[in-house]
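Residue-level structure breakdown
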Amino acid sequence: MMASLEQADQKIVFGLDIGTRSVVGTVGFMSDNRFNVIAQTVEKHQTRAMLDGQIHDIGKVAMTVRIVKERLEQQTDVHLTDVCIAAAGRVLRTVRINYDYEFPDGHTITDEDIYNLDSSAVEKAYAEFLEKNTSELKFYLVGYSVMHYYLDGYQIANLEGHKAGKVSVELIATFLPDDCVDGLYKTCERAGLNVANLTLEPIAAMMVAIPDRFRMLNLALVDVGAGTSDICVTDDGSITAYGMLPIAGDDITEIIAQHCLVDFNTADEIKIAASHNDKVEYVDIMGLNKTISAKEIAKVIKPKVDEMAKRATEEIKKLNGDKPVSAVFVVGGGGCVPGYTKAIAKDMDIPEERVALRGEEVMKNIVFLTNDEIEKDSLLVTPLGICISYYEEANNFIFVSFNGTQTKLYDNGKLQIVDAAMQVAFPNEDLFPKRGEELKFTVNGKERTTRGEPGEAAVISLNGQPADIHSKIHANDIINVTPSTAGAPGKATIESIPEFKTKFNVNVNGKNVEASRYATVNGETQTGFYNIKPGDDVKVLDYNTAAQIAELMDIELTEDTVIIVNNERGDAGTPVYENFKVEFKDPEETIMDYYEDFPSADEVAISQENEESFEDLDESLKLTTDEEGQMTLKEEPEENVYEKAEQEPVRNILAHDLHLMVNNDPITLHGKADYIFVDIFDAIDFDLSKPNGRSIVTSLNGGTPDYMEPIHEGDKIEVYWK
């Protein structure tokens, strides 16, 4: 019998939950914020046409869909043409990625910088994902979740406002393969249906299981099906991460089959019956009638249930930035087994009441108009959510035009131009201003880099109006992007190098002056105006040559110019370091300086008189030197020996000071042109008239001196009684 009414005229929604074991069809409409179910039916697959949520035999699955469609048409008398479907969460692919970026010194991180960091990380995740999946399939970005931010290697909650250095982001990006979407579309086409809306099963389940007022919280939803457990994490009103575990209800069914010695389908019936009855009767493969209690089944499956819960908890924490969520909602038949929700609460370390199996209690806004008795349990959550998602503006596939190319996007309600750019593989660097090429060189053997100048940002229009990468987009929008440009390459001159700017002091002809630095590039001397080229080896010298010092002082060097550096004869190339003394002299000055060191006749005569005076002093002091070189007193000196020594005039015209170390103490001798060892007794506290031992021990620079031996600047002397 042909349906008499058309779906478009009746404003009703037809939803299909195409699962691994069965297809659930629902027809209804929204009125006063309540969804009214007109009809609902279930049809199991006759063969294993689907595995783990993915269609393997399009023809056979389409046949099952057609049966469901025709049955609902009979129940409603409505010709169904448009259908809402959902892609299984288990077909989603996730990539965990780390991305680093180094900002220039002094840069303060903005929200724009953080967004660019996230976008670059997602682009890297997409590239890595495509590299691992070498097929020509397209993948749609469903969403991403930031796990951690890092600043200079340390984890930080929020980068905004901090002084930049090396920043990093660790995130999970989720992708939906195009073949899964394509398989669902082709199945519906063969069943005579047009896809009006496609969402994801975790999102559909959230529509029913998690009320709007709770979606701002950090929650997790676990959909435990037959072959897999699909997980999604919500925060701030949207799903932030998805996960899948290949362990679910069928794993428990297999344990029951082995324990009860029955086939898989009988074991599944036992599992379902045990959730409603204290005892279950069955026939094993030997044809024997058996009875098993629900308690025994719970005991048998407990290890596997605990394993499922532990793995689900670990996955939730990983998706949520390595921390527990506030609450967990469980849907799907596999989650109905006893002990599952309690085990999750224990492993998550949250109260048991915060892990709940969602069923009839979340269906208060669902009205069942059908006369059939429908059990309102967690199995209905996803099918109803698929219908309700039709009324949401997001969570569907849309088409936009990007630079003239028609592009399909998954609309998660937060689509922006940057998402469309990523989907068409528009280079991320062509969206943002590009810096010119870096200039790399070395200074004194260490690498230096001068960043290039920033270029112009991409020019973006949305439907003919100016826009930016964050502009929201909707179905059929027209986006045009002119790529960003690169700035000028990095530039640097010798004078811009900090080391080159410093000066140092030298003494030139008795005058302190500041000398500038010189530099060489690849071994050749260059001025401060030299433009450094890539790969240049720059050396900033820590000295000037004598010729450069002469140029600084406007001193003309000739062949006859005598150069003296730190009292030693040098030449034009002699290095002059900081605090060095350099003198430039004519030959005549040098000769005069040389003869100044020669004593006059009077000075020679005075020196002889001094020597005779010291011999008289020796005789008066009664000093003698023994075999070991030690001076000793032969007898007590005459009482007036010191007075006589003081009365005898000793002339000294070329007097100068002499600095010594005596008994580890510094002393200075004054008033003589030349000094001998015995002169030290004029400057030290050593009373020869009061012997404090049998002999005097003396040492000059480690050797044994004669008391008339000349002494010089810096000599080290020891004198003590023994």
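Remember, it's a predicted structure, so these values are computed and weren't measured experimentally. (Residues numbered from 1 in each chain as written. Predicted model: local features only at pLDDT ≥ 70, side-chain atom pairs only at ≥ 80, totals over all residues. Heavy atoms only, no water.)

Here we look at the sheet that holds strand 33 (residues 537-540)
Reading across the sheet, the 5 strands line up as 25-24-33-31-32 and stay open at both edges, with mixed pairing between neighbours. Of all strands in the sheet, those bounded by a partner on one side alone are strand 25 (446-450) and strand 32 (524-526). Put simply, the sheet's adjacent strands are angled 35° from each other on average, direction ignored. In the sheet, strand 31 (residues 519-521) pairs with strand 32 via 3 bridges, with the strands oriented antiparallel. Residue pairing in the sheet places Val521 in a bridge with Glu524 of strand 32. (Pairing = 2+ DSSP bridges. Helix = DSSP H or I, 4+ residues; strand = E, 2+ residues; numbered from the N terminus. Axes fitted to C-alpha atoms, helices over the stretch in contact; angles between N-to-C directions.)

Observations concerning the environment of Lys317
One can find Lys317 in helix 8 (residues 294-319). Sequence-wise, Lys317 and Val233 are 84 residues apart; in three dimensions their C-alpha atoms are separated by 9.4 Å. Other than its neighbours up to four places away in sequence, Lys317 contacts Asp322, Lys323, Pro324, Asp347 and Met348. (Contact = heavy atoms within 4.5 Å.)

Considering the packing of helix 8 against helix 9 (residues 340-348)
Taken N-terminus to C-terminus, the directions of helix 8 and helix 9 make an angle of 45°; their axes are 8 Å apart at the nearest point. Judged by the inter-axis angle, helix 8 sits oblique to helix 9. Classified by chirality, the crossing of helix 9 by helix 8 is right-handed. Contacts from Val305, Asp306, Met308, Ala309, Lys310, Ala312, Thr313, Ile316 and Lys317 in helix 8 reach Tyr340, Ala343, Ile344, Asp347 and Met348 in helix 9. Across the contact of helix 8 with helix 9, the residue classes tally to 9 nonpolar, 1 polar and 4 charged. (Parallel < 35°, antiparallel > 145°, perpendicular 65-115°, else oblique. Left-handed = near helix turned anticlockwise from the far one by under 90°. Nonpolar A, V, L, I, M, F, W, Y, C, P; charged D, E, K, R; others polar.)

Some remarks on the pairing of strand 38 (residues 581-585)
Buried residues dominate strand 38, accounting for 4 of its 5 residues. Alignment of strand 35 (residues 562-565) against strand 38, held across 4 bridges, turns out to be antiparallel. In the strand pairing of strand 38, Val565 is matched with Val582. (Buried < 20%, exposed > 50% of the residue type's maximum accessible area, 1.4 Å probe, protein only.)

Quick look at unusual backbone geometry
The backbone of Asn522 shows a phi angle near 55°, a positive value even though the residue is not glycine. Judged by its relative accessible area of 46%, Asn522 is partly exposed. Within the chain, Asn701 stands out as a residue other than glycine whose phi angle is a positive 55°.

Description of the sheet that holds strand 38
On the basis of which strands lie adjacent, the open sheet formed by 5 strands has the order 30-29-38-35-36 and mixed pairing. Looking at which strands have only one partner, the edges of the open sheet turn out to be strand 30 (511-515) and strand 36 (568-570). Each neighbouring strand pair of the sheet contributes to a mean axis angle of 35°, computed without reference to strand direction. Relative to strand 30, strand 29 (residues 504-508) is paired through 5 bridges, and the arrangement is antiparallel. Along strand 30, the bridge assignment pairs Asn507 with Asn512.

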